[in-house]
Amino acid sequence: MPIAALVTGASRGLGLELIRQLGRGERPPRYLFAACREPEGTGATELKNFAKCFSNVKIVKMDVDDLNSIQETAEQIQKVLKDNGLNLLINNAGINFGGDLNGITPEIMMKTYTTNVIAPVMVTKALLPSLMQAAQLSGEHGFSSEKAAVINMSSIMASMEMFNIQNGKAYSYSQQGQCPSLHAHRAALNMVTKCLASELKPHGILCASVHPGWVKTDMGGEKASLFKEESVEGILKVLARLSEQDNGLFLDWRGQRLPW
Ligand SMILES: NC(=O)c1ccc[n+]([C@@H]2O[C@H](COP(=O)([O-])OP(=O)(O)OC[C@H]3O[C@@H](n4cnc5c(N)ncnc54)[C@H](OP(=O)(O)O)[C@@H]3O)[C@@H](O)[C@H]2O)c1
């Protein structure tokens, strides 16, 4: 496990479950930052209760749509870490506005892009000094999530190759219809992953997109096929196995490579 990890959008859903499983794992990170936008609100109660029992879990306030918030939190994290770097950043915070052409508006598309595409870039940028520090300190050759990695939570809905034009359904999603915003922003995020993988490679930092499966969360809904516990268990196994050959790839929670 990495020495220091940060998960965005940790108040509920997959983000909270990532914190839970990382926090109580056999070799938990010494510093596990759980970022959420309203730590003082009732929406973060479960996270706060969990953090009370695990002294390595530090809740930090971060609204990923707000550059000042990102920067302030990055500085706060750097202060806590001192000479240690940040080994693992999971850009998990995300939103989901469904709807076809009838329902879509420029405002919806812009908002979705801000949170799901621009924010992961800006969070990575703000934490880059810490990620680089972790890569340098590790002394490890090659690439791994213990050394330094950025994981972008994507979706199979981004896959143009798997999208079924006949019925507008992305593979394995029985309920999703055509949704220009939903599919397009994830495809854009995947391109971000590719660009980061290339740009960060010389610094020894790995970057990959991960599809968590269709998961029963507020976003995934009750009809989803996976419980968040099994999705996150799978994701953490995949992260533990990442190596140089996975840099810039699009993987699912079982470690299977997905087509772009
Ligand atoms: N569930 C699925 O089936 C599925 C499938 C494919 C991909 N994904 C991706 O997996 C990630 C997690 O999804 P989920 O199912 O856990 O979603 P979720 O239950 O809706 O939780 C979303 C999380 O993101 C946070 N968030 C949203 N906007 C934010 C912002 N501006 N700043 C900070 N945090 C923000 C939310 O915080 P608040 O509590 O403050 O709102 C919440 O913690 C997302 O990126 C999603 O697109 C999920």
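Use the structure listed above.
Residues numbered from 1 in each chain as written. Predicted model: local features only at pLDDT ≥ 70, side-chain atom pairs only at ≥ 80, totals over all residues. Heavy atoms only, no water.

Caption draft 1: Structural view of the site of the ligand. In the vicinity of the ligand, 28 residues are found, and the nearest of them are Ser11, Arg12, Leu14, Arg186 and Thr217. Arg12 places a side-chain nitrogen or oxygen 2.7 Å from an oxygen atom of the ligand. For the ligand, an oxygen atom lies 2.5 Å from a polar atom in the side chain of Thr217. Relative to its free-state accessible area of 900 Å², the ligand is covered by the protein chains to the extent of 93%. In terms of residue class, the shell around the ligand is built from 11 nonpolar, 11 polar and six charged. (Near = heavy atom within 4 Å. Polar contact = N/O pair within 3.5 Å; in protein donor to acceptor, adjacent residues only side chain to side chain. Areas by Shrake-Rupley, 256 points an atom, 1.4 Å probe, with all protein chains shown as cover. Nonpolar A, V, L, I, M, F, W, Y, C, P; charged D, E, K, R; others polar.)

Caption draft 2: Spatial organisation of the sheet that holds strand S2 (residues 31-36). With parallel pairing, the seven strands of this open sheet are ordered in space as S3-S2-S1-S4-S5-S6-S7. Looking at which strands have only one partner, the edges of the open sheet turn out to be strand S3 (57-61) and strand S7 (250-252). Strand-to-strand twist in this sheet, taken as the mean axis angle between neighbours without regard to direction, amounts to 20 degrees. Pairing analysis gives three bridges linking strand S1 (residues 4-7) to strand S4 (residues 88-91), with the strands arranged parallel. Across the sheet, the residue bridging to Leu6 is Leu89, located in S4. Across the face of the sheet, helix H2 (residues 45-53) comes into contact with S2 and S3 while running at roughly 145 degrees to S3. Here helix H3 (residues 67-81) sits on the sheet in contact with S1, S2 and S3, set at roughly 150 degrees to S3. (Pairing = 2+ DSSP bridges. Helix = DSSP H or I, 4+ residues; strand = E, 2+ residues; numbered from the N terminus. Axes fitted to C-alpha atoms, helices over the stretch in contact; angles between N-to-C directions. Contact = heavy atoms within 4.5 Å.)

Caption draft 3: The arrangement of the pairing of S1 in detail. Of the two faces of S1, the one holding Ala4 and Leu6 and the one holding Ala5 and Val7 are both buried throughout. As defined by bridge partners, S1 adjoins S2 across four bridges and the pair is classed as parallel. When the sheet's bridge partners are listed, Ala4 is paired in S2 with Tyr31. Following the chain from S1 across helix H1 (residues 13-23) to the adjacent parallel S2, one finds a crossover that is right-handed. (Buried < 20%, exposed > 50% of the residue type's maximum accessible area, 1.4 Å probe, protein only. Right-handed = clockwise from strand over helix to strand, strands pointing away.)

Caption draft 4: Here's a closer look at the pairing of strand S5 (residues 149-153). In terms of burial, S5 is a largely internal element, five of the five residues being buried. Alternating positions in S5 separate into two faces, Ala149, Ile151 and Met153 on one and Val150 and Asn152 on the other, with burial throughout. Across four bridges, the pairing between S4 and S5 is parallel. When the sheet's bridge partners are listed, Leu89 is paired in S5 with Val150. Of the crossover connections in this fold, the one passing from S4 over helix H4 (residues 106-138) to the parallel S5 is right-handed. Note: S5 against strand S6 (residues 206-211), five bridges, orientation parallel. Within the sheet, the bridge partner assigned to Ile151 lies in S6 and is Ala208.

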